[in-house]
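# Fold and geometry: a report
Okay, here's what each chain looks like letter by letter:
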Amino acid sequence: MKANTKFLVRKGYISGIGSGITWGLDAVLLGIVMTMSPFVENPILLVGGALVCSMLHDVFASVWMILIMGLKGELKFFRDALCSKDGFFCILGALFGGPLAMTFYLMAISKGGPALAATVTACYPLLGSILAIFILKEKVQLRGWIGLLICVAGIVWIGYAPEKNENINVSQGVLFSLVAAIGWATEAVICGYGMKSGRVKPQMALLLREVTSGTAYILVVSPLMLGGFGASLDGLRAVFSYPLCWSLLLFTAIVGMSSFFLWYTSIDLIGAAKALCFNVTYSFWAVVFSFIFIGNQLSWNIVIGSLLIIGGVTIATLIHKKKKEV
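Residues numbered from 1 in each chain as written. Predicted model: local features only at pLDDT ≥ 70, side-chain atom pairs only at ≥ 80, totals over all residues. Heavy atoms only, no water.

So, on to the overall build of the protein chain. Helix and strand counts for the protein chain stand at 15 helices and zero strands. Here the protein chain, with 326 residues, has 51% of them falling under the buried criterion. Long-range contacts, defined here as pairs at least 24 residues apart, represent 86% of the contacts in the protein chain between residues at least 6 apart. Entry remark: accessible area of the protein chain is about 15,700 Å², with carbon and sulfur atoms responsible for 69%. (Helix = DSSP H or I, 4+ residues; strand = E, 2+ residues; numbered from the N terminus. Buried < 20%, exposed > 50% of the residue type's maximum accessible area, 1.4 Å probe, protein only. Contact = heavy atoms within 4.5 Å. Areas by Shrake-Rupley, 256 points an atom, 1.4 Å probe, with all protein chains shown as cover.)

For the structure on display, the rule yields 10 aromatic pairs. When the centroid spacing of 6.3 Å and the interplanar angle of 90° are considered together, the rings of Phe-60 and Phe-240 count as edge-to-face. With Phe-60 in helix α3 (residues 43–71) and Phe-240 in helix α11 (residues 229–240), this pair connects stretches of sequence that are 180 residues apart. For the ring pair Phe-240 and Trp-246, a centre distance of 5.8 Å and an interplane angle of 40° mean the geometry is tilted. In textbook terms, an aromatic cluster arises when at least three aromatic residues are bridged by ring pairs, as seen for Trp-23, Tyr-105, Trp-184 and Phe-260. (Phe/Tyr/Trp six-rings, centres within 6.5 Å; stacked < 30°, edge-to-face > 60°.)

On to the nonpolar core. Cys-53, Tyr-105, Ile-109 and Trp-184 are the most contacted members of the largest nonpolar core, which totals 72 residues. Here the element with the most residues in this core is α3; it accounts for 12 residues. For Ile-109, the residues in contact, after removing those within four places along its chain, are Ala-27, Leu-30, Gly-31, Met-34, Pro-114 and Ala-117. (Core = buried A, V, L, I, M, F, W, Y, C linked by side-chain atoms within 4.5 Å.)

Turning our eyes to something else, we now look at the packing of helix α10 (residues 202–226) against α11. Interaxial distance between α10 and α11 falls to 7 Å at its minimum, and their mutual angle equals 95°. The angle between α10 and α11 falls in the class roughly perpendicular. Residues Ile-218, Leu-219, Ser-222, Pro-223 and Leu-226 of α10 lie in contact with α11, whose contacting residues are Phe-229, Ala-231 and Ser-232. (Axes fitted to C-alpha atoms, helices over the stretch in contact; angles between N-to-C directions. Parallel < 35°, antiparallel > 145°, perpendicular 65-115°, else oblique.)

The next subject is the side chain of Ser-213. Checked against the element boundaries, Ser-213 lands in helix α10. Aside from chain neighbours lying at most four places away, what touches Ser-213 is Asp-58, Ala-94, Gly-98 and Pro-99.

When pLDDT is averaged along the protein chain, the result is 81; 86% of the residues meet or exceed 70. Element-level pLDDT for the protein chain is lowest in helix α13 (residues 272–279), with a mean of 70, against a maximum mean of 92 in α11. Long-range and interchain partners of residues 320–326, a stretch whose pLDDT sits below 50, account for two contacts in this model, where long-range means more than four residues apart. (pLDDT = per-residue confidence, 0-100.)

Turning our eyes to something else, we now look at the pattern of salt bridges. According to the stated counting rule, one finds six salt bridges in the structure shown. Where Arg-237 meets Asp-234, a salt bridge forms, and the shortest distance between an N and an O atom there is 2.6 Å. Separated by three residues within a single helix, Arg-237 and Asp-234 lie in helix α11, roughly one turn from each other. A single salt-bridge network, built from bridges that share partners, covers Asp-58, Glu-187, Arg-209 and Glu-210. (Salt bridge = Lys/Arg side-chain N within 4 Å of Asp/Glu carboxyl O.)

This part is about the packing of helix α1 (residues 6–33) against helix α5 (residues 85–112). Contact geometry of α1 with α5 gives a least axis separation of 9 Å together with a crossing angle of 65°. As α1 runs across α5, the sense of the crossing is right-handed. Between α1 and α5, the contacting residues are Trp-23, Asp-26, Ala-27, Leu-30 and Gly-31 on the first element and Met-102, Tyr-105, Leu-106 and Ile-109 on the second. Taken together, the residues of the contact of α1 with α5 sort by class into seven nonpolar, one polar and one charged. (Left-handed = near helix turned anticlockwise from the far one by under 90°. Nonpolar A, V, L, I, M, F, W, Y, C, P; charged D, E, K, R; others polar.)

Here we come to the environment of Gly-12. Inspection of the secondary structure assignment puts Gly-12 in helix α1. The class for Gly-12 is buried, based on a relative accessible area of 0%. Between the C-alpha atoms of Gly-12 and Phe-278, which are 266 residues apart in sequence, the distance is 9.9 Å.

Tracing the backbone shows Gly-20 in helix α1. Given a relative accessible area of 0%, Gly-20 falls into the buried group. Taking the C-alpha atoms as reference points, Gly-20 and Ala-286, 266 residues apart in sequence, are found 9.1 Å from one another. With sequence-adjacent residues up to four places away left out, Gly-20 is seen in contact with Phe-278, Asn-279, Thr-281, Tyr-282 and Trp-285.

What follows is the structure in structure tokens.
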């Protein structure tokens, strides 16, 4: 926590809020991408569209990261970070957060819609707190468990009165979202362990994450899930044959990558607990952007569920806040 002036504190707050806004927008844009022609017409993408979209999202994000780190003159440190013990944990975390979590996240968007997916996955900091008990030996106070129960109540509320929409499958959307949340929680804990010593900076950890995830998608996950490299290439050709589709996906990747940048900046300046409280508001922003860009109805079950989950996560992630502050 480096914010020792009002300016830096303000910057940390603005960065945290920005991370929530951009991740909510990322969810909605990905939902729009997967409704475009290639994903609803191509036989391969009808089955594995979420996987291909997830792969391109992380590959494009890694390209943006390489360009940015190159302009900053920090690519020369990439090899040392890649070969280090701390870098290994960042890479391991990336496999949970990228190929696993992101794929299920997009499947959740496809089945349940962006608002539902973003809202349910907002519980990942609470799951991360549970994992931190066993991996990082952290203690979670009663306040944390209360926040978890409130978050679960929000998820139940969303599923209790589903919208009357034939294209929405609430049960599958919630299930896939929970798997994605577990993957991101695991990533956060493992990568947090990798960055604990300070030898691998957050920006370098993010570069390792995107490169690892993109490579795993291309070489292992996509061919395995789609039935070979040929099917994977056919899916990519279908996407790139539609300029508007891959262009929007390229833009979405920089939105998602920017969200991570803003989140890491907020963590660095004001600490993880406060940064998480701002970041998890992406579930609310996804609902807002769904209403603006897609025209989804703001049903009461989604609105109330969103508020419950945000409230639960906020309570739980404030458990490390000191009682006495100057």
